[in-house]
Amino acid sequence: MVYKISYRVGSIIIIMCFIFLLVCTSKAYGEVCHICRNETMDCWIDDKGVIYCKNELIQYPADSLETSYIVDKRCRVIGESAFSGNRGLKAIVIQDGVSIIENSAFACTNIESIELPESLLVIADLAFMNCHQLKSVSFPSKLYAIGYGAFLECPLSIIKIPASVQFIDSEAFSKTKVTDVYFEDDSFYTVDAPFRNNDHVQIVFHFPVFDADEESPHIERLIEFYDRLKADFCVSYDIELYY
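Quick caveat, the model's predicted, so the values are computed rather than measured.

### Concerning the overall build of the protein chain
In step 1: A tally of helices and strands in the protein chain yields two helices and 16 strands.
In step 2: For the protein chain, with 243 residues in total, the buried portion stands at 42%.
In step 3: Nonlocal contacts in the protein chain, meaning residues at least 24 apart in sequence, comprise 27% of its contacts between residues at least 6 apart.
In step 4: Per element, the accessible surface of the protein chain, about 13200 Å² overall, is 55% carbon and sulfur.

Below, the structure is given as structure tokens:
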């Protein structure tokens, strides 16, 4: 009799331990790792309720009333639509280490300012689309590509394109309030009309002259670029050279 009771108690203890392990595992990974199913500590939820999965910021709470946020220093990618639709956020700081801002990451938010890290290489399609309060942005010196409609309908007025940029997709700066665009170089490639439908302003494109004795070191490329601008449907363009 004693043996049977001890056996049952032992069985109950084993079952309870098993349930306890399941609960602990669920608490540790269940809220995050159902996304990637990995069994490491690469996924976490911070004290603001922001979900990170394998060093990618997956989701910022859409109903959060926080007005500012600093992205975790372990983050390497701002995921697709991660902040999209949140109306409370005004200021974002992305710490060094992030290399990609994915499609629609900040689309339709009320952000007014954003700090982009020097490590950033790619701003993907529609990343800041319809950010109607975003009036200025400083691009990092290592930025490589700006995607389709990345700043569509953002009220930007002055844009400075770093020499590192090699690709600007179509409509990247469409329907903005851009009046001046400064290029540190002209070696980039554009797909049809990155400034399409800015028909309310004249845009002045500023290109550098590296040799003061020459009218322009890249005059043929400037002519080619100017020809492409004709497809952008702006009221007027002008090109100025600066030293």
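What follows picks up the thread again.
### Points about the pairing of strand E3 (residues 56–59)
In step 1: Inspection of the sheet shows strand E2 (residues 51–53) paired to E3 by three bridges, in the antiparallel sense. The residue of E3 that forms the bridge with Cys-53 is Glu-56.
In step 2: The hairpin turn running from E2 into E3, its antiparallel successor, is two residues long, and Lys-54 in that turn takes a positive phi close to 50 degrees.
In step 3: For E3 and strand E5 (residues 77–78), the ladder comprises two bridges, and the chain directions are parallel. Pairing of Leu-57 across the sheet is with Ile-78, part of E5.

### Re the pattern of salt bridges
In step 1: On inspection of all chains with the given rule, the structure shows two salt bridges.
In step 2: Put simply, Lys-48 and Glu-66 hold a salt bridge, and the shortest N to O gap is 3.6 Å. Taken together, the positions of Lys-48 in the loop between strand E1 (44–45) and E2 and Glu-66 in the loop between E3 and strand E4 (68–70) put the pair 18 residues apart, joining distant regions of the chain.
In step 3: A residue is classified by how much of its surface remains accessible, and Lys-48, at 37% relative accessible area, is partly exposed.
In step 4: Residues Asp-72 and Arg-74 are paired through a salt bridge, measuring 3.0 Å at the closest nitrogen-oxygen approach.
In step 5: You can call Asp-72 buried: its relative accessible area is 18%.

### Section: the sheet that holds strand E6 (residues 91–93)
In step 1: Ordered by their spatial adjacency, three strands build an open sheet running E4-E6-E8, and the pairing between neighbours is parallel. Of all strands in the sheet, those with a lone pairing partner are E4 and strand E8 (113–115), marking the two edges. Neighbour to neighbour, the strand axes of the sheet diverge by 5 degrees on average, direction disregarded.
In step 2: Two strands pair when backbone bridges link them, and E6 and E8 are joined in this way by three bridges, in the parallel orientation.

### As for the pairing of strand E11 (residues 158–161)
In step 1: Here E11 shows one buried face, formed by Ile-159 and Ile-161, and one open face, formed by Ile-158 and Lys-160.
In step 2: Note that E11 and strand E13 (residues 180–183) share four bridges and pair parallel. Its bridge partner lying in E13, Lys-160 is registered against Tyr-182.

### With respect to the state of the cysteines
In step 1: Under the definition given, this model contains zero disulfides.
In step 2: Here Cys-154 is not cross-linked by a disulfide; its sulfur's nearest cysteine counterpart is in Cys-131, at 4.9 Å.
In step 3: On the accessibility criterion, Cys-154 (0% relative accessible area) is buried.

### Remarks on the nonpolar core
Nonpolar side chains in soluble globular proteins generally cluster together in the buried interior.
In step 1: Counting residues in hydrophobic clusters, the biggest one holds 48 residues, and the most contacted among them are Ile-78, Phe-106, Phe-128, Phe-139, Phe-151 and Phe-173.
In step 2: Considering each element in turn, this core owes the most residues, three residues, to strand E15 (residues 202–208).
In step 3: The residues contacting Ile-78, other than those within four sequence positions of it, are Leu-57, Val-71, Phe-83, Ile-94, Val-98, Ile-100, Ile-101, Glu-102, Ala-105 and Phe-106.

### Observations regarding unusual backbone geometry
In step 1: Despite not being glycine, Asn-55 shows a phi value in the positive range, around 65 degrees.
In step 2: One can find Asn-55 in the loop between E2 and E3.

### Examining the packing of aromatic side chains
In step 1: Scanning the entire structure with this criterion turns up 11 aromatic pairs.
In step 2: Arranged with centres 4.9 Å apart and planes meeting at 25 degrees, the rings of Tyr-60 and Phe-83 form a pair that is stacked. On the criterion of sequence distance, the pair formed by Tyr-60 in the loop between E3 and E4 and Phe-83 in the loop between E5 and E6 is long-range, its members being 23 residues apart. We note that Tyr-60, like Phe-83, is buried.

### Describing the environment of Asn-130
In step 1: Residue placement: Asn-130 occurs in the loop between strand E9 (122–123) and strand E10 (145–146).
In step 2: Taking the C-alpha atoms as reference, Asn-130 lies 7.4 Å from Phe-151; in sequence the two are 21 residues apart.
In step 3: Non-local contacts of Asn-130, meaning those with residues more than four positions away in its chain, are made with Cys-108, Thr-109, Leu-152 and Glu-153.

Criteria and cut-off values
- Residues numbered from 1 in each chain as written.
- Predicted model: local features only at pLDDT ≥ 70, side-chain atom pairs only at ≥ 80, totals over all residues.
- Heavy atoms only, no water.
- Helix = DSSP H or I, 4+ residues; strand = E, 2+ residues; numbered from the N terminus.
- Buried < 20%, exposed > 50% of the residue type's maximum accessible area, 1.4 Å probe, protein only.
- Contact = heavy atoms within 4.5 Å.
- Areas by Shrake-Rupley, 256 points an atom, 1.4 Å probe, with all protein chains shown as cover.
- Pairing = 2+ DSSP bridges.
- Salt bridge = Lys/Arg side-chain N within 4 Å of Asp/Glu carboxyl O.
- Axes fitted to C-alpha atoms, helices over the stretch in contact; angles between N-to-C directions.
- Disulfide = S-S within 2.5 Å.
- Core = buried A, V, L, I, M, F, W, Y, C linked by side-chain atoms within 4.5 Å.
- Phe/Tyr/Trp six-rings, centres within 6.5 Å; stacked < 30°, edge-to-face > 60°.

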